[in-house]
Amino acid sequence: MIKNIVLGIKEYAGALSLISKLKLWKFFIIPILISVITAVLIGLEAYVLSDNIGSFIARLWLWDFGKETFTAISNFVGGIIIVIIGLILYKHIIMALSAPFMSAVSEKIEKHFYGDVKHLHRKSSFQAQLIRGVRINIRNLLKELLITLPILLLKFIPIVNIFSTILLFLVQAYYAGFGNMDYTLERHLNYKKSVQFVGNHKGFAIGNGIVFMLCLLIPIIGIIIVLPLSVTASSTKTLSLLHTKQELFYEK
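A brief structural summary. Since this is a predicted model, take the numbers as computed values, not measurements. (Residues numbered from 1 in each chain as written. Predicted model: local features only at pLDDT ≥ 70, side-chain atom pairs only at ≥ 80, totals over all residues. Heavy atoms only, no water.)

1. Brief notes about the packing of helix 6 (residues 160-185) against helix 7 (residues 191-200)
Following both chains from N to C, one finds helix 6 and helix 7 inclined at 130°, their axes separated by 10 Å at the closest point. The orientation of helix 6 with respect to helix 7, classified from their angle, is oblique. As helix 6 runs across helix 7, the sense of the crossing is right-handed. Of helix 7, the residues touching helix 6 (which contributes Tyr-174, Phe-178, Met-181, Asp-182 and Leu-185) are Ser-194, Val-195, Phe-197, Val-198 and Gly-199. Counted by class, the contact of helix 6 with helix 7 contains seven nonpolar, two polar and one charged residues. (Axes fitted to C-alpha atoms, helices over the stretch in contact; angles between N-to-C directions. Helix = DSSP H or I, 4+ residues; strand = E, 2+ residues; numbered from the N terminus. Parallel < 35°, antiparallel > 145°, perpendicular 65-115°, else oblique. Left-handed = near helix turned anticlockwise from the far one by under 90°. Contact = heavy atoms within 4.5 Å. Nonpolar A, V, L, I, M, F, W, Y, C, P; charged D, E, K, R; others polar.)

As structure tokens, this is what we get:
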């Protein structure tokens, strides 16, 4: 697992040069706009709601002793909850809406490395790719929230909350990598087989997603470069897994 995570991270090394070589920047214009607009809207909503969440949690403490301490902790945890849920929503929204554009990027990369194999691809269209992206990301959003919410409760436990932060980061990374891998898998495997494929290569998904999440920590620039870098790196690695490991099952 750790080895595959490292390999997933290393794939980013040649991402920028490959984007320039294949002249892929034009495919990222609309996804970057989607990314920026989504980030601004979610950021504004998070700013408004953070205090409300903290106040709601603070009301759960019914006693007078320790109320100030619990309120302070509640405000802090409330802010964290908003940030985490905001990141989760941001991630899946931009991935779902960018699917048709990112599928085109993945296809260009495949043609560069493996020649014209378009005749072997599953039949698809802009609309089908968008629907597939929405479907995959709604599925991942629900599963991620189901895992994330219990982990957030650990934030109230000293020391344990350190490990919960790491676990939350890895969960977010996995689903980010999942979404990036599906841009390639969409034209090769059906929905069920794609989910199974990513499940068999969790390490690569986490490795790709780790850099994705770290990019988002870079103010402003992060939301601009995150999709170009992560999708290019993921496409290269996913195509390598499909082709060289003979895991490619073409369906017409």
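2. Focus on unusual backbone geometry
With the exception of glycine, most residues fall at negative phi, and the peptide bonds are largely trans. Positive phi values are uncommon outside glycine, yet Lys-23 reaches one of about 55°. As for its position among the elements, Lys-23 is in the loop between helix 2 (15-21) and helix 3 (29-58). Phi is positive for Ile-220, close to 65°, though the residue is something other than glycine. Following the sequence through the fold, Ile-220 ends up in the loop between helix 8 (202-215) and helix 9 (221-244). A relative accessible area of 66% means that Ile-220 is categorised as exposed. (Buried < 20%, exposed > 50% of the residue type's maximum accessible area, 1.4 Å probe, protein only.)

3. Observations regarding the pattern of salt bridges
Following the criterion strictly, the structure yields four salt bridges and no others. Residue Glu-144 pairs with Lys-91 through a salt bridge whose shortest N-O separation is 2.7 Å. Residue Glu-144 is located in helix 5 (residues 126-153), and its partner Lys-91 is located in helix 4 (residues 67-114); the two are separated by 53 residues in the primary sequence. Of the two residues, Glu-144 and Lys-91, neither departs from the other in class, the shared state being buried. Arg-187 is the salt-bridge partner of Glu-110, the closest N and O atoms lying 2.9 Å from each other. Remark: Arg-187 occurs in the loop between helix 6 and helix 7 and Glu-110 occurs in helix 4; sequence separation between them is 77 residues. (Salt bridge = Lys/Arg side-chain N within 4 Å of Asp/Glu carboxyl O.)

4. Description of the nonpolar core
Burial of nonpolar side chains together is a common tendency in soluble globular proteins. Val-105 and Phe-212 are the most contacted members of the largest nonpolar core, which totals 61 residues. Mapped onto this core, the elements with two or more residues apiece are helix 2, helix 3, helix 4, helix 5, helix 6, helix 7, helix 8 and helix 9. Take this core: its biggest share by element is 13 residues, from helix 4. Once residues lying within four places of it in the same chain are set aside, the contact partners of Phe-212 are Tyr-12, Lys-91, Ile-94, Met-95, Ala-176, Asn-180, Val-226 and Ser-230. (Core = buried A, V, L, I, M, F, W, Y, C linked by side-chain atoms within 4.5 Å.)

5. As for a nonpolar patch on the surface
Judged by side-chain polarity, Val-36, Val-40, Leu-44, Ile-218, Ile-220, Ile-221 and Ile-224 come together as a nonpolar surface patch covering roughly 610 Å² of accessible area. Those elements giving two or more residues to the nonpolar patch turn out to be helix 3 and helix 9. No other element matches the three residues that helix 3 contributes to the nonpolar patch. Looking at the element boundaries, Ile-224 is found in helix 9. (Patch = residues over 30% accessible without salt bridge, like charges linked within 9 Å, V, L, I, M, F, W, Y side chains within 5 Å. Areas by Shrake-Rupley, 256 points an atom, 1.4 Å probe, with all protein chains shown as cover.)

6. Considering the side chain of Thr-232
Looking at the secondary structure, you find Thr-232 in helix 9. Taking relative accessible area as the criterion, Thr-232 reaches 0% and is therefore assigned buried. A polar side-chain atom of Thr-232 sits 2.7 Å from the main-chain carbonyl oxygen of Pro-228. When neighbours within four sequence positions are excluded, Thr-232 is seen to be in contact with Ala-15, Leu-18, Ile-19, Phe-28, Ile-109 and Leu-227. (Polar contact = N/O pair within 3.5 Å; in protein donor to acceptor, adjacent residues only side chain to side chain.)

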